[in-house]
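One letter stands for each residue in the lines below.
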Amino acid sequence: MALRPVQVNMKALDGLAVGRFWAEALGWSVFRPGVTTYVGPVGGFVWPDPVAVCIDVVPVPEPKTATKNRVHLDLATTSAAHQAELVARLQALGATPAHVGQGDVPWTVLADPEGNEFCVLEPREIYRDTGPIAAVVVDCADPRAMARFWDEAMDWTLHEVTDDHAVLRSAKGVGPYLEFLRTPDVKTVPDRVHLDLLPYPGDDKAAEVARLRALGATDLDLGQGDVPWTCLADPEGHEFCVLAPS
């Protein structure tokens, strides 16, 4: 049994506007299979995408209150000129410079139109084949502990783990990385951005959820009511959902 991350779930006051921003930012398309705005690679609607970790924007009535999201996206570039062009294009789409204590760094920190931070990275060889999203990055207190949990939770491969950094990627060597970075931030409000995981066809969702609980996940009540997905939190309190196979 195993799970795979299939989408990044973002909450937004205006889900369609935020979805359109991210579609333009990534060169992807907007799909609306339901009340949410789904953003995925260009072409016909495919779910789950076999390579990309897509974006699902969910409308909520509450604005962002955290000074900095604990989960964000890093975008890949192929050259210095590409990085500069992408930053300029994103700002024209409504992104704004964001200051999260990054100091003098070679990447550019921006926020989408509702304040969700993300980074436009300088060219890095490791991200040349990821697609537009280089990595989904999670702030945490203990990357080693996060690596232990998430390495068991998913079927992705653990590539690196240190006291400051843990890196996983699909065992197929495709799509973005999942990275855990040690930060001093303390979680005070629910995450505005989280991962959604999906069992493989034929696997038992209830058994997968039970397995995650045994690994240290806890049940989470976000007022979701009677829904087909299960809301959980990892050992550091990062929310995530286990979706039901379609």
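Reference entry: report on the structure contained in this document. Worth saying up front: this structure is predicted, and the values here are computed from it rather than measured. (Residues numbered from 1 in each chain as written. Predicted model: local features only at pLDDT ≥ 70, side-chain atom pairs only at ≥ 80, totals over all residues. Heavy atoms only, no water.)

This brings us to the overall build of the chain. Across its full length, the chain carries four helices and 16 strands. A compact globule built from 246 residues should have a C-alpha radius of gyration of about 18 Å, and the chain, at 17 Å, falls within 12% of that. Projected onto its principal axes, the C-alpha positions of the chain cover 50 × 40 × 35 Å. For the chain, with 246 residues in total, the buried portion stands at 49%. Sequence separation of at least 24 residues holds for 62% of the intrachain contacts in the chain that already meet a minimum separation of 6. Accessible surface for the chain amounts to roughly 11,000 Å². Of this, 56% is attributable to carbon and sulfur atoms. Taking the average location of the 20 positive side-chain charges in the chain and that of its 35 negative ones, the two points are 1 Å from each other. (Helix = DSSP H or I, 4+ residues; strand = E, 2+ residues; numbered from the N terminus. Rg over C-alpha atoms; globule rule 2.2 N^0.38 Å. Buried < 20%, exposed > 50% of the residue type's maximum accessible area, 1.4 Å probe, protein only. Contact = heavy atoms within 4.5 Å. Areas by Shrake-Rupley, 256 points an atom, 1.4 Å probe, with all protein chains shown as cover. Lys, Arg positive; Asp, Glu negative; His and termini not counted. Charge placed at Lys NZ, Arg CZ, Asp CG, Glu CD.)

Of the two faces of strand S15 (residues 230-233), the one carrying Thr230 and Leu232 and the one carrying Cys231 and Ala233 are both buried. In this structure, strand S14 (residues 218-219) lies alongside S15, joined through two bridges in antiparallel fashion. Residue Thr218 lies in a different strand from S15, and its bridge partner there is Ala233. Relative to strand S16 (residues 239-242), S15 runs antiparallel, the two sharing four bridges. Residue pairing for S16: Thr230 is matched across the bridge by Val242. (Pairing = 2+ DSSP bridges.)

Here we come to the sheet that holds S14. The eight strands are arranged S2-S3-S4-S1-S13-S16-S15-S14 in an open sheet whose pairing can be described as mixed. Among the strands making up the open sheet, the edge pair consists of strand S2 (29-31) and S14. Here strand S1 (residues 3-12) runs beside strand S4 (residues 54-59); their pairing, made up of six bridges, is parallel. Bridge pairing in S4 links Val8 to Ile55. Lying on the sheet, helix H1 (residues 15-26) is in contact with S1, S2, strand S3 (37-40) and S4; it crosses S3 at an angle near 5°. Across the sheet, helix H4 (residues 205-215) touches S1, strand S13 (193-199), S14, S15 and S16, and the angle it forms with S15 is around 15°. (Axes fitted to C-alpha atoms, helices over the stretch in contact; angles between N-to-C directions.)

Under the 1.5 Å per step criterion, the end-to-end length of H1 is 16 Å for twelve residues, consistent within 8% with the ideal 16 Å. Residues of H1 that are buried: Gly15, Val18, Gly19, Phe21, Trp22, Ala23, Ala25 and Leu26. Positive phi shows up at Gly27, right after H1, with a value of about 75°. (Expected span 1.5 Å × (residues − 1).)

Glancing now at the packing of helix H3 (residues 143-153) against H4. At a minimum axis distance of 10 Å, the contact between H3 and H4 shows a crossing angle of 160°. The angle between H3 and H4 places the two elements in the roughly antiparallel class. Note that H3 runs across H4; the crossing there is right-handed. Across the interface between the two elements, Phe149, Glu152 and Ala153 of H3 pack against Arg211, Leu212 and Leu215 of H4. Within the contact of H3 with H4, the residues separate by chemical class into four nonpolar, no polar and two charged. (Parallel < 35°, antiparallel > 145°, perpendicular 65-115°, else oblique. Left-handed = near helix turned anticlockwise from the far one by under 90°. Nonpolar A, V, L, I, M, F, W, Y, C, P; charged D, E, K, R; others polar.)

Right, let's get into the side chain of Asn69. With respect to the helices and strands, Asn69 occurs in the loop between S4 and strand S5 (71-75). A polar contact is formed between the side chain of Asn69 and the side chain of Asn116, at a distance of 2.9 Å. With residues up to four places along the chain from it excluded, the contact list for Asn69 reads Lys64, Asn116, Glu117, Asp139, Arg192 and Val193. (Polar contact = N/O pair within 3.5 Å; in protein donor to acceptor, adjacent residues only side chain to side chain.)

On to the pairing of strand S8 (residues 117-120), then. Residues Glu117 and Cys119 line one face of S8 and the alternating positions Phe118 and Val120 line the opposite face, and both faces are buried. Bridging between S5 and S8 involves three bridges; their strand directions are parallel. Among the inter-strand pairings, Leu75 is bridged to a residue of S8, identified as Val120. With four bridges connecting them, strand S7 (residues 108-111) and S8 associate as antiparallel partners.

A few words now on the nonpolar core. One recurring pattern in soluble globular proteins is that nonpolar side chains are buried together. Membership of the largest hydrophobic core comes to 53 residues, with the highest contact counts inside it found for Trp22 and Leu90. When residues in this core are grouped by element, the largest group, six residues, is from H1. Among all residues touching Leu90, those that are not within four sequence positions of it are Phe21, Ala25, Leu75, Ala95, Leu110, Phe118 and Val120. Ala76, Tyr127, Ala134 and Val137 belong to the second-largest nonpolar core, a separate cluster that totals twelve residues. (Core = buried A, V, L, I, M, F, W, Y, C linked by side-chain atoms within 4.5 Å.)

These values are about where atoms sit, not about what they do.
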